[in-house]
Amino acid sequence: MSLREQLCEYGRRAVELGLVIGTSGNLSVRQGDLVAVTPSGVALDRLTPEICPIVDVTGHLVEGDAQPSSETPMHLAVYETTDAQAIVHTHSVFGTVVATTMTELPPVHYNALLLGGVVRVAEYATYGTPELAANVRAALEGKRAALMANHGGVSIGASLEEAFEATRLLEWLCEVYVRGLGVGRPTVLTDEQLTAVIERAANPPTFPRR
């Protein structure tokens, strides 16, 4: 599947799962010095491979007639300072709720470790600006996902599939936290508890044969 076809596939999935509405959200996937990105102003479930532009890592349009997403500067900034090969940015409901009320998402479930533990909320800045790109880049340091204040969330991965799964996990963690607040005060796992999970994963139990 080509890079552009991947954008179409995961763009459709993002809409189906309710992670975006309208023309919100954007995705990109990198190969070498080239980045395929979703176009500006097109709903993610209406993408076709030929309308997805390709830019180089300096932000110059290499192929395609459509304008790249307005968040392309953020994507390129993240590629510059991380090992990411794909990025997914959504406006999911629970992620945005947390992003409008919190400065971080605490680890209320050990699967938060898959995203790097505590998920930071990047400071607010106007979309598409260098300021937002810098804020997101800082929030992602050492992490696989971040939230964007009063905006949404962003996840990275070694592939578009990996970045998308990180997005799904981020939304699930946010939903667990928000729904937990409706019942009581969610319990946050301690550093010691999280370390025990890491050690357990590194040393799984063995079961002798009969």
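Before reading on, note that the structure itself is shown above.
Residues numbered from 1 in each chain as written. Predicted model: local features only at pLDDT ≥ 70, side-chain atom pairs only at ≥ 80, totals over all residues. Heavy atoms only, no water.

J.: Just checking my understanding: could you explain the sheet that holds strand 8 (residues 145-148) for this structure?
T.: Two modes of strand pairing occur in sheets, parallel and antiparallel, and in both the strands are linked by backbone hydrogen bonds. Across the sheet, nine strands lie side by side as 4-3-2-1-5-9-8-7-6; this open sheet has mixed pairing. Each of the sheet's edge strands pairs with one partner strand only, and the pair in question is strand 4 (61-63) and strand 6 (104-105). Bridge count between strand 1 (residues 26-31) and strand 5 (residues 86-90): four bridges; the pairing is antiparallel. Across the sheet, residue Leu 27 finds its bridge partner in strand 5, namely Val 88. Relative to the sheet, helix 4 (residues 130-139) contacts strand 7 (119-122), strand 8 and strand 9 (152-157), its axis offset from that of strand 7 by approximately 165 degrees. (Pairing = 2+ DSSP bridges. Helix = DSSP H or I, 4+ residues; strand = E, 2+ residues; numbered from the N terminus. Contact = heavy atoms within 4.5 Å. Axes fitted to C-alpha atoms, helices over the stretch in contact; angles between N-to-C directions.)

J.: Would you take a moment to explain the side chain of Ser 24 for this structure?
T.: Relative to the assigned elements, Ser 24 resides in the loop between helix 1 (3-16) and strand 1. A polar contact is formed between the side chain of Ser 24 and the backbone oxygen of Ile 21, at a distance of 2.6 Å. (Polar contact = N/O pair within 3.5 Å; in protein donor to acceptor, adjacent residues only side chain to side chain.)

J.: Explain helix 1 here, please?
T.: An α-helical turn contains 3.6 residues, so a residue and the one three or four places further along point in the same direction. Given a rise of 1.5 Å per residue, 14 residues ought to cover 20 Å, and the 20 Å separating the end C-alpha atoms of helix 1 matches this to within 8%. Buried within helix 1 are the following residues: Leu 3, Arg 4, Gln 6, Leu 7, Cys 8, Tyr 10, Gly 11 and Ala 14. Looking at the buried positions of helix 1, the neighbouring elements they touch are strand 1, strand 2 (34-37), strand 3 (54-56), strand 4 and helix 5 (160-183). Taken from the residues just after helix 1, Gly 18 is the one with a positive phi, measuring 75 degrees. (Expected span 1.5 Å × (residues − 1). Buried < 20%, exposed > 50% of the residue type's maximum accessible area, 1.4 Å probe, protein only.)

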